[in-house]
Amino acid sequence: MRPIRECGIETKAVHGGEYHDPLGAVIPPIYQTSTFRFRDVDHGARLFRGEEDGYIYTRMRNPTIEAMENAIAVLEGGWKALGCASGMAAVHTTLAVLMQGGGRIVCSESVYGATATLLMALGPSYGIETTFVDTSRTEEIERAIRQDTKVVFIETPANPTLVITDIAAAADIAHHANATLVVDNTFMSPVLQHPFALGADVVIHSMTKFLNGHADVVGGVIVVKTEEQYKAFRSSLNLLGGVIDPFNAFLVHRGLKTLPLRIERQCANAMRIAEYLERHPAVQWVRYPGLRSHPQYELNRRQSDGPGAMISFELKGGLPAGKALMNSVHLCALAVSLGGVESLIQHPASMTHATMARELREQAAITDGLVRLSVGIENVEDILGDLDQGLSKL
Ligand SMILES: Cc1ncc(COP(=O)(O)O)c(C=O)c1O
């Protein structure tokens, strides 16, 4: 058989986290334990000195978490992955490792609200200055880079505007300046986008979204390319403490196995819905990477294997019309988060991006009327019917 890393994405999703259980369990058991018994004092000391392989304490290593991490590392094509307690724990840990001693970050201006707020509110107290630019215009990244720039942080497609950044071009610019390129790959998942193959140095995800896919876990992950990076990230994650717990890791691992199937259905549903919205007379504009009207349609075709399941749009009636729609849908739940099997609709300006400074929201074109839809795996006619009855009430 081919090595797992050379298999198709569906096989990687099912078998990537292969775990060899002494009792032959096909699925890695949930090691819901904080600590592991040593055979004797010398054994414990050898484990702590790293002279023998084994488990000590779940904040450091846990077999259930490791199996899930291995599956994600295989899917992303990275060296190893580190499971975190949330996507924000993954962002924070990444910045803590890469920004030691302070310095500058060049960051996508359209970025998840809490990431922007973390950088703006807490960044300066860690000696971190952030320049937010439209990273889809790579010349803006180049212009923003200074001697003290350590990290270029991009989210692509961006939350919630779905602006797309050329990952390979961003990597070239970052590397030329000796900076590290971090890609938040949450919106595409490793099924659709492979940032390492395009030159990224670190890939992060909110696993709360597509990777778990069932809206029942909060989690994050950092994927690294080299053993050296892994050692630095693992030791910082252990000290900062934001690790995922075994049960949530088990659930994410279970969710991962159907990731390619879910994504396939979600993309097909989203394409139909985006086309429907674009034709609807009440709709002002639609942003979806699968539509030819998307400004980076060609780039998306080049750098990813599909358009994803996220749609942003604005109605002709602006915010009041958007509110009326969000208040009248039934199947699409009015809730934040995304990437799960159920369709979710929300209003970024007052919800996911409410903490982001208004000036930055305006700079990033996160308009007050923008509505964000995360398309699930329901029957597409039912989702269309739900949106149609909502739009007919406007
Ligand atoms: C693109 C992106 N990155 C990071 C996060 C943060 O993830 P979490 O909510 O799991 O902390 C989110 C959450 O919505 C997100 O959309």
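## Describing the sheet that holds strand E7 (residues 220-224)
- The strand order E1-E7-E6-E5-E4-E2-E3 describes an open sheet built from seven strands, whose pairing is mixed. Both outer strands of the open sheet, strand E1 (80-84) and strand E3 (128-133), are each paired with one neighbouring strand and no more. With direction set aside, neighbouring strand axes in the sheet form an average angle of 20 degrees.
- Each of strand E2 (103-108), E3 and strand E4 (149-155) is contacted by helix H5 (residues 113-122), which is oriented at about 135 degrees to E3, the strand it contacts most.
- Relative to the sheet, helix H9 (residues 227-240) contacts E1, strand E6 (202-206) and E7, its axis offset from that of E1 by approximately 15 degrees.

## Observations concerning the site of the ligand
- Near the ligand there are 13 residues, and of these Gly87, Asp184, Ser206, Thr208 and Lys209 occur at the shortest range.
- Within the side chain of Asp184, one N or O atom sits 2.7 Å away from a nitrogen atom of the ligand.
- Residue Ser206 places a side-chain N or O atom 2.8 Å away from an oxygen atom belonging to the ligand.
- The fraction of the free accessible surface of the ligand (390 Å²) that becomes covered by protein chains is 91%.

## Some points on the pattern of salt bridges
- Under the defined criterion, the tally for this structure stands at 14 salt bridges.
- Close ionic contact of Arg137 with Glu140 constitutes a salt bridge, the shortest N to O distance being 3.0 Å.
- Of the residues examined, Arg137 reaches a relative accessible area of 39% and is grouped as partly exposed.
- Overall, the relative accessible area of 19% leaves Glu140 in the buried class.
- Residue Arg358 pairs with Asp368 through a salt bridge whose shortest N-O separation is 3.4 Å. Of the two residues, Arg358 is situated in helix H14 (residues 358-363) and Asp368 in the loop between H14 and strand E12 (371-374); the sequence distance between them amounts to ten residues.
- Using a relative accessible area of 42% as the deciding quantity, one classes Arg358 as partly exposed.
- Residue class for Asp368 comes out partly exposed when judged on its relative accessible area of 32%.

## As for the packing of aromatic side chains
- Applying the stated criterion across every chain, the model contains two aromatic pairs.
- Ring geometry for Phe36 versus Tyr55: centroids 5.4 Å apart, planes at 35 degrees, classification tilted. Of the two residues, Phe36 is situated in the loop between helix H1 (9-15) and helix H2 (41-49) and Tyr55 in the loop between H2 and helix H3 (63-76); the sequence distance between them amounts to 19 residues.
- By relative accessible area, which is 15% here, Phe36 ends up buried.
- Relative accessible area serves as the criterion here: at 24%, Tyr55 is assigned to the partly exposed category.
- Aromatic side chains Phe38 and Phe48 sit 6.4 Å apart centroid to centroid with 75 degrees between the ring planes, which places their arrangement in the edge-to-face category.

## Observations regarding the nonpolar core
- Formed by 50 residues in total, the largest nonpolar core has its most connected members in Ile72 and Leu181.
- With six residues, H3 is the largest single contributor of residues to this core.
- Viewed by domain, this core spans two of them, domain 1 (4-256) and domain 2 (259-392), each represented by three or more residues.
- Non-local contacts of Leu181, meaning those with residues more than four positions away in its chain, are made with Val152, Ile154, Ile167, Ala170, Ala171, Ala174, Ala200, Asp201 and Val202.
- If you look at the next biggest cluster of nonpolar residues, it comprises 32 residues, including Leu82, Leu95, Leu118 and Met356.

Procedures and definitions
Residues numbered from 1 in each chain as written. Predicted model: local features only at pLDDT ≥ 70, side-chain atom pairs only at ≥ 80, totals over all residues. Heavy atoms only, no water. Pairing = 2+ DSSP bridges. Helix = DSSP H or I, 4+ residues; strand = E, 2+ residues; numbered from the N terminus. Axes fitted to C-alpha atoms, helices over the stretch in contact; angles between N-to-C directions. Contact = heavy atoms within 4.5 Å. Near = heavy atom within 4 Å. Polar contact = N/O pair within 3.5 Å; in protein donor to acceptor, adjacent residues only side chain to side chain. Areas by Shrake-Rupley, 256 points an atom, 1.4 Å probe, with all protein chains shown as cover. Salt bridge = Lys/Arg side-chain N within 4 Å of Asp/Glu carboxyl O. Buried < 20%, exposed > 50% of the residue type's maximum accessible area, 1.4 Å probe, protein only. Phe/Tyr/Trp six-rings, centres within 6.5 Å; stacked < 30°, edge-to-face > 60°. Core = buried A, V, L, I, M, F, W, Y, C linked by side-chain atoms within 4.5 Å. Domains from an automatic or database assignment.

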